[in-house]
Amino acid sequence: MRKSIIGGNWKMNKTSKEVEELVKGLIQELGDYKEVDTVIFPPFIYLERVGSLLKGTSIALGAQNMFWEEKGAYTGEVSPLMLVDVGCRYVILGHSERRQHFGETDNWINRKIKTALRFGLTPVLCVGERLEERKSGRAEEIVSSQLKGCLSGINPSQVEKIVIAYEPVWAIGTGETATPHQAQQMHRFIRENLQEMFGESVANSVRIQYGGSVKPDNIKQLMQQQDVDGALVGGASLSAASFVKIVKYGEN
Ligand code: PGA
């Protein structure tokens with residue numbers, strides 16, 4: 001049985017005062033809510049503060065990215081060691097915005113996943129096709145090649161710890177969600193790929209989140225799909241009221 005996992009990816013939003021308010025609101029409603037694994041992903045600069053606010057609650061902390069080296073001359077980068085140091089347990093890797101605006105490749109993401117695992121962080125690996133790729137019937141081919149590239153050389157017992165987020169690029173921040181049926185089909189396909197690569201028991205234990213315009217009014221139907229084990233939420237995670245609703249509808 002896979003436990004549902006809902007993540008709030010704040011992206012590049014909020015100032016320190018807004019962060020305090022949002023986190024306090026979340027702790028009030030979700031501080032000891034254990035039906036679903038809840039993770040928030042604030043910008044790097046607030047991780048330490050949010051980490052200290054979340055201590056002793058059941059909300060976990062994650063980062064939106066990281067570099068693959070532990071330390072050194074990499075101006076502007078943040079290392080896995082630093083993330084662990086401030087209390088992160090998760091890290092989003094390969095988000096489509098990183099691929100699109102910052103040139104991240106499957107090979108880079110693969111290196112990051114390996115390092116994250118070495119430091120005991122749970123990678124949330126994002127995969128997903130663009131609109132033109134879906135329109136031309138290549139969605140599955142794209143997702144499959146992202147999975148193969150990003151998970152290459154990782155042993156099955158480690159893959160079990162990874163969370164995968166299927167985020168069709170055309171549904172991110174657009175208000176357009178994949179239908180529950182479209183989501184289920186791709187999640188099934190991802191699981192079949194995992195089975196081919198790592199065997200049935202790994203494929204059955206990996207949690208696959210859906211991401212792309214998830215809102216309080218569409219979460220329930222998405223969560224009812226057999227292979228949808230949670231959601232990675234962007235815009236709707238910026239308000240405590242809507243994120244709390246999403247986390248609670250995500251109850252299995
Ligand atoms: P969205 O973003 O919910 O605003 O569409 C999802 C994501 O990019 O993780």
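Procedures and definitions
- Residues numbered from 1 in each chain as written.
- Predicted model: local features only at pLDDT ≥ 70, side-chain atom pairs only at ≥ 80, totals over all residues.
- Heavy atoms only, no water.
- Helix = DSSP H or I, 4+ residues; strand = E, 2+ residues; numbered from the N terminus.
- Expected span 1.5 Å × (residues − 1).
- Buried < 20%, exposed > 50% of the residue type's maximum accessible area, 1.4 Å probe, protein only.
- Contact = heavy atoms within 4.5 Å.
- Pairing = 2+ DSSP bridges.
- Right-handed = clockwise from strand over helix to strand, strands pointing away.
- Core = buried A, V, L, I, M, F, W, Y, C linked by side-chain atoms within 4.5 Å.
- Near = heavy atom within 4 Å.
- Polar contact = N/O pair within 3.5 Å; in protein donor to acceptor, adjacent residues only side chain to side chain.
- Areas by Shrake-Rupley, 256 points an atom, 1.4 Å probe, with all protein chains shown as cover.
- Nonpolar A, V, L, I, M, F, W, Y, C, P; charged D, E, K, R; others polar.
- 1 Å grid on protein atoms, 1.4 Å probe; cavity = no way out; pocket = protein on both sides within 12 Å on 5 of 7 lines; lining within 4 Å.
- Points joined across faces, edges and corners; volume = space filled by probe spheres on them.

Chemist: What is the right way to read helix α7 (residues 139-150) from this model?
Modeler: An α-helix turns once per 3.6 residues; consequently, residues spaced three or four apart project the same way. Given a rise of 1.5 Å per residue, twelve residues ought to cover 16 Å, and the 17 Å separating the end C-alpha atoms of α7 matches this to within 8%. Residues Ala139, Ile142, Val143, Ser144, Gln146, Leu147 and Cys150 constitute the buried set of α7. Looking at the packing, one finds that the buried side of α7 touches α4 (96-102), α5 (106-118), β5 (122-127), α6 (131-135), β6 (163-166) and α9 (180-198).

Chemist: Please clarify how the pairing of β6 should be interpreted in this entry.
Modeler: Each regular strand shows side chains that alternate between the opposite faces of the sheet. The side-chain alternation of β6 yields two buried faces, one formed by Val163 and Ala165 and the other by Ile164 and Tyr166. As defined by bridge partners, β6 adjoins strand β7 (residues 207-211) across four bridges and the pair is classed as parallel. Note on β7: the bridge partner recorded for Val163 is Arg207.

Chemist: I keep staring at the pairing of strand β1 (residues 5-9) and nothing clicks. Help me out?
Modeler: Counted residue by residue, β1 has five buried out of five residues, so it is predominantly covered. Here β1 shows two buried faces, one formed by Ile5, Gly7 and Asn9 and the other by Ile6 and Gly8. After leaving β1, the chain enters helix α1 (residues 16-30) and then returns to the sheet as strand β2 (residues 37-41), a path that is right-handed. Where β1 and strand β8 (residues 230-233) come together, four bridges link them in parallel fashion. The partner of Ile5 across the bridge, within β8, is Gly230.

Chemist: Looking at this model, I keep getting lost on the nonpolar core. Mind explaining?
Modeler: By size, the foremost hydrophobic cluster in this structure holds 68 residues, and its most contacted members are Ile113, Leu151, Ile164 and Ile190. Leave out the neighbours within four places in its chain, and Leu151 touches Asn110, Ile113, Leu125, Ile162, Ile164, Leu194 and Phe198. In terms of nonpolar packing, the next biggest core, distinct from the first, is built from eleven residues, Ile5, Val39, Phe41 and Tyr90 among them.

Chemist: Would you mind showing me how to read the site of the ligand here?
Modeler: Around the ligand sit 13 residues, and of these Lys11, His95, Glu167, Gly173 and Ser213 come closest. Contact between the ligand and Lys11: an oxygen atom at 2.8 Å from a side-chain N or O atom of the residue. Gly173 has a polar backbone atom sitting 2.7 Å from an oxygen atom of the ligand. Protein chains shield 96% of the accessible area of the ligand, which is 280 Å² for the free molecule. Split by residue class, the shell around the ligand holds four nonpolar, seven polar and two charged.

Chemist: Help me understand the layout of surface pockets in this model?
Modeler: Any empty space left between the atoms is revealed when a probe the size of a water molecule rolls over them. Quantified by volume, the largest pocket comes out at close to 530 Å³. In this structure, the largest pocket is lined by 20 residues; those nearest its centre are Lys11, Met12, Gln64, Arg98 and Phe102. Residues belonging to the lining of the largest pocket are distributed by class as follows: eight nonpolar, seven polar and five charged. Quantified by volume, the second largest pocket comes out at close to 200 Å³. Put simply, the parts of the chain that give the lining of the second largest pocket at least two residues each are α4, β5 and α7. For the lining of the second largest pocket, the element with the most residues is α4, which contributes three residues. Each residue belonging to the lining of the second largest pocket can be placed in one class, and the counts come to four nonpolar, six polar and four charged.

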